[in-house]
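One letter stands for each residue in the lines below.
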Amino acid sequence: MGRLTTLYPTAGNPFRAQEMVAYMRGVAPFLGIRTPERRALSRTVLDGTPRPGEDDCAAIALRCFALPEREYHYFAVDYLRRHVKRCSSDFLPVTRRLVRTVSWWDTVDHLAAHVVGGLVAADPALGGEMDAWIDDADPWTARTALLHQLRFKEDTDADRLFAYCLRRAADTDFFLRKAIGWSLREYAKTAPGEVRAFVADNRSLFSPLSVREALKHL
């Protein structure tokens, strides 16, 4: 953390930072570091460090998310994506806390698909936790449940995916409507016929945005 908080600010660009703040609708302040440069800096930060344990992953992620600038949150997400296989099912509450901290699509979607999804893939029993998340009053928690199977392909639990889409179909939140369509569109790459039939049978329940996104490549 000492290396990170020393090195990142040296690459900051105040003008670029303001552009990033505007693009991300003011969700958080930025240092103003572009992604390729940030990841190069991250490699320097991590050079020579040992492989982390689960407690290390939790500590680093939570400390990064406690810092104001968004680039530190990105560092945490990248770190967890890299080391999710070193974390057990007990790590899921940490991911829930991160999803609900300074929530916006730029961190939530990566946490959903790569970290939460990785945990559920390793322990399918966590699907029961996702069943609770989909009904959460916090839309970002529900979005995570919708998106956690994005990378599952033929291992997707289609019944669960379709049930989640129906359970949030009437929601007016833009990001939930978008997530319904995205999750179906991604599964359509594996099972186009199933998705096409599901949307046809339930089209009147979904928003035009969800339908458009789901059928985008069909």
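Residues numbered from 1 in each chain as written. Predicted model: local features only at pLDDT ≥ 70, side-chain atom pairs only at ≥ 80, totals over all residues. Heavy atoms only, no water.

Time to look at the packing of helix α6 (residues 92-99) against helix α7 (residues 105-122). With their axes 11 Å apart at the nearest point, α6 and α7 run at an angle of 170 degrees to one another. Overall, the two elements α6 and α7 adopt an arrangement that is roughly antiparallel. When α6 is examined against α7, the residues L92, T95, L98 and V99 are found in contact with a partner set consisting of V108, L111, V115, V116 and L119. Looking at the contact of α6 with α7 residue by residue, the classes come out as eight nonpolar, one polar and no charged. (Axes fitted to C-alpha atoms, helices over the stretch in contact; angles between N-to-C directions. Helix = DSSP H or I, 4+ residues; strand = E, 2+ residues; numbered from the N terminus. Parallel < 35°, antiparallel > 145°, perpendicular 65-115°, else oblique. Contact = heavy atoms within 4.5 Å. Nonpolar A, V, L, I, M, F, W, Y, C, P; charged D, E, K, R; others polar.)

Relative to the assigned elements, E194 resides in helix α12 (residues 192-202). The partly exposed category is assigned to E194, whose relative accessible area is 41%. The spacing of E194 and F162 is 32 residues in sequence and 10.0 Å in space, taken between C-alpha atoms. (Buried < 20%, exposed > 50% of the residue type's maximum accessible area, 1.4 Å probe, protein only.)

What the rule picks out here adds up to 11 aromatic pairs. Judged by centre distance (5.0 Å) and plane angle (65 degrees), the rings of W104 and F175 are edge-to-face. With a gap of 71 residues between them, W104 in the loop between α6 and α7 and F175 in helix α11 (residues 174-188) connect regions that are remote in the sequence. Like W104, the residue F175 is buried in the burial classification. Each member of the aromatic cluster is reached from another via a ring pair, and the members are Y8, Y72, F75 and Y79. (Phe/Tyr/Trp six-rings, centres within 6.5 Å; stacked < 30°, edge-to-face > 60°.)

Take the environment of Y187 next. As for its position among the elements, Y187 is in helix α11. When the C-alpha positions of Y187 and R151 are compared, they lie 8.7 Å apart, and in sequence the two are 36 residues distant. When near neighbours in sequence (up to four residues on either side) are disregarded, Y187 contacts K153, T156, A158, L161, F162, E194 and V195.

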